[in-house]
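Per-entry structural report
Given next are the chains, with one letter for each unit.
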Amino acid sequence: MTNRTKQVTDTNGAATELGYIFTFLLGVLLLSIFSIWTYDIETATRERWNMEAIEMNLDDLAAAVERADEASRLGNIEYTECIWWRATEANDNLMTITLNDNSIILIDEGGSLDTEVFISGMGAGNHSGSVDLSGSQMIWVTHSDGITSISVNRPQ
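Here is a short report on the structure shown in this document. (Residues numbered from 1 in each chain as written. Predicted model: local features only at pLDDT ≥ 70, side-chain atom pairs only at ≥ 80, totals over all residues. Heavy atoms only, no water.)

1. Regarding the overall build of the protein chain
For the protein chain, the count of helices and strands is one helix and eight strands. Reading the protein chain from its N end, one meets helices and strands in the order α-β-β-β-β-β-β-β-β. Relative to the compact-globule value of 15 Å for 156 residues, the protein chain shows a C-alpha radius of gyration of 31 Å, a clear excess of over 25%. If one aligns the C-alpha atoms of the protein chain with their principal axes, the spans along those axes are about 125 × 25 × 20 Å. Taking all 156 residues of the protein chain together, 29% fall into the buried category. (Helix = DSSP H or I, 4+ residues; strand = E, 2+ residues; numbered from the N terminus. Rg over C-alpha atoms; globule rule 2.2 N^0.38 Å. Buried < 20%, exposed > 50% of the residue type's maximum accessible area, 1.4 Å probe, protein only.)

2. Side note on the packing of aromatic side chains
All told, the structure shown has one aromatic pair when counted by the stated rule. Ring centres of Phe34 and Trp37 lie 5.8 Å apart, and the angle between their planes is 45°; this geometry places the pair in the tilted category. Taken together, the positions of Phe34 and Trp37, both in helix H1 (residues 12–72) and three residues apart, correspond to about one turn of that helix. (Phe/Tyr/Trp six-rings, centres within 6.5 Å; stacked < 30°, edge-to-face > 60°.)

3. A short note on the nonpolar core
With 23 residues, the main nonpolar core has Ile97 and Ile104 as its most contacted residues. Discounting residues that sit within four places of it in the chain, Ile104 has contacts with Leu58, Leu61, Ala62, Val65, Ile97, Thr98, Leu99, Thr115, Glu116, Val117 and Ile119. (Core = buried A, V, L, I, M, F, W, Y, C linked by side-chain atoms within 4.5 Å. Contact = heavy atoms within 4.5 Å.)

4. Some words on a nonpolar patch on the surface
A cluster of nonpolar side chains, Leu18, Ile21, Phe22, Phe24, Leu25 and Val28, forms an exposed patch at the surface whose accessible area comes to about 620 Å². Taking the relative accessible area as the measure of exposure, Ile21 reaches 44% and is therefore partly exposed. (Patch = residues over 30% accessible without salt bridge, like charges linked within 9 Å, V, L, I, M, F, W, Y side chains within 5 Å. Areas by Shrake-Rupley, 256 points an atom, 1.4 Å probe, with all protein chains shown as cover. Salt bridge = Lys/Arg side-chain N within 4 Å of Asp/Glu carboxyl O.)

5. Focus: the sheet that holds strand S8 (residues 147–151)
Read across the open sheet, the four strands follow the order S1-S7-S8-S5; overall the sheet is mixed. Two strands in the sheet have a free side with no partner beyond their single neighbour: strand S1 (79–84) and strand S5 (126–128). With direction set aside, neighbouring strand axes in the sheet form an average angle of 15°. Bridge count for S1 against strand S7 (residues 138–144) is six bridges, and the pairing is antiparallel. Bridged to Tyr79 within S7 is His143. Across the face of the sheet, H1 comes into contact with S1, S5, S7 and S8 while running at roughly 175° to S1. (Pairing = 2+ DSSP bridges. Axes fitted to C-alpha atoms, helices over the stretch in contact; angles between N-to-C directions.)

6. Quick look at the sheet that holds strand S2 (residues 95–99)
To summarise the sheet geometry, strands pair through backbone hydrogen bonds and adopt either a parallel or an antiparallel arrangement. Pairing is antiparallel across the open sheet formed by four strands, whose spatial order is S4-S3-S2-S6. The sheet terminates laterally at strand S4 (115–118) and strand S6 (130–132), the two strands that pair on one side only. Taking the axes of each pair of neighbouring strands and ignoring which way they run, one obtains an average angle of 15° across the sheet. Strand direction decides the pairing type here: S2 and S6, joined by three bridges, are antiparallel. Bridge pairing links Thr98 to Ser130 in S6.

7. Here's the deal with the pattern of salt bridges
This model, assessed by the stated rule, comprises four salt bridges. For Arg46, the salt bridge identified is with Glu89, shortest N-O distance 3.5 Å. Linking Arg46 in helix H1 with Glu89 in the loop between S1 and S2, this pair joins segments that are 43 residues apart in sequence. Exposure remark for Arg46: the relative accessible area of 29% places this residue in the partly exposed category. Judged by its relative accessible area of 58%, Glu89 is exposed. The salt bridge partner of Arg86 is Asp60, with a shortest N-O separation of 2.8 Å. Taken together, the positions of Arg86 in the loop between S1 and S2 and Asp60 in helix H1 put the pair 26 residues apart, joining distant regions of the chain.

Rendered as C-alpha cells:
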C-alpha cells in the first residue's frame with residue numbers, strides 16, 4: 001500500500017495575502033497624501049501669521065511716526081517713542097526699514113516680504129532714517145531739530 005497525497009490547489013490564502021498587501025499600500029498612500037496636505041496647511045498658516053506680524057509691526061511704527069509728526073506741529077518740541085518689534089519667523093538679518101517723507105519701506109533681501117506703509121507726512125519737518133533689523137527688539141522714533149527719524153539706538 002502506498003500512501004499517496006493529493007495536492008490541493010487552494011488560492012484563498014494567496015488572495016487574502018494580496019488583499020492585505022494592497023490594503024497596506026492604500027493606507028501608506030492615504031497617510032502620505034494626508035501628511036503632505038497637513039504640511040501645506042501648516043506652512044500657509046505660518047506664512048500668514050508671519051505676514052500679519054510684520055504688518056502689525058509696520059502699522060505700530062507708522063502710528064508712532066504719525067504721533068511724532070503731531071508733536072512736531074506743536075512747535076519746538078522733542079518727541080521720543082519706543083516701538084517693540086514683534087518676533088517673526090523671517091530672517092531679520094536680511095531686513096531693513098527705511099523712513100522717508102511719505103512712507104515706511106520694509107526691504108527683505110532674502111525673500112518676498114517687501115512691504116510699504118504710507119504715512120501722512122504732515123509733520124513740521126522731514127523724515128529720515130534706516131534701520132537694520134538684525135537682532136533688534138525695539139525701534140526708537142524720535143523728533144528732534146525738525147527731523148523725525150527712526151533708529152535702533154536709544155536717543156540720548
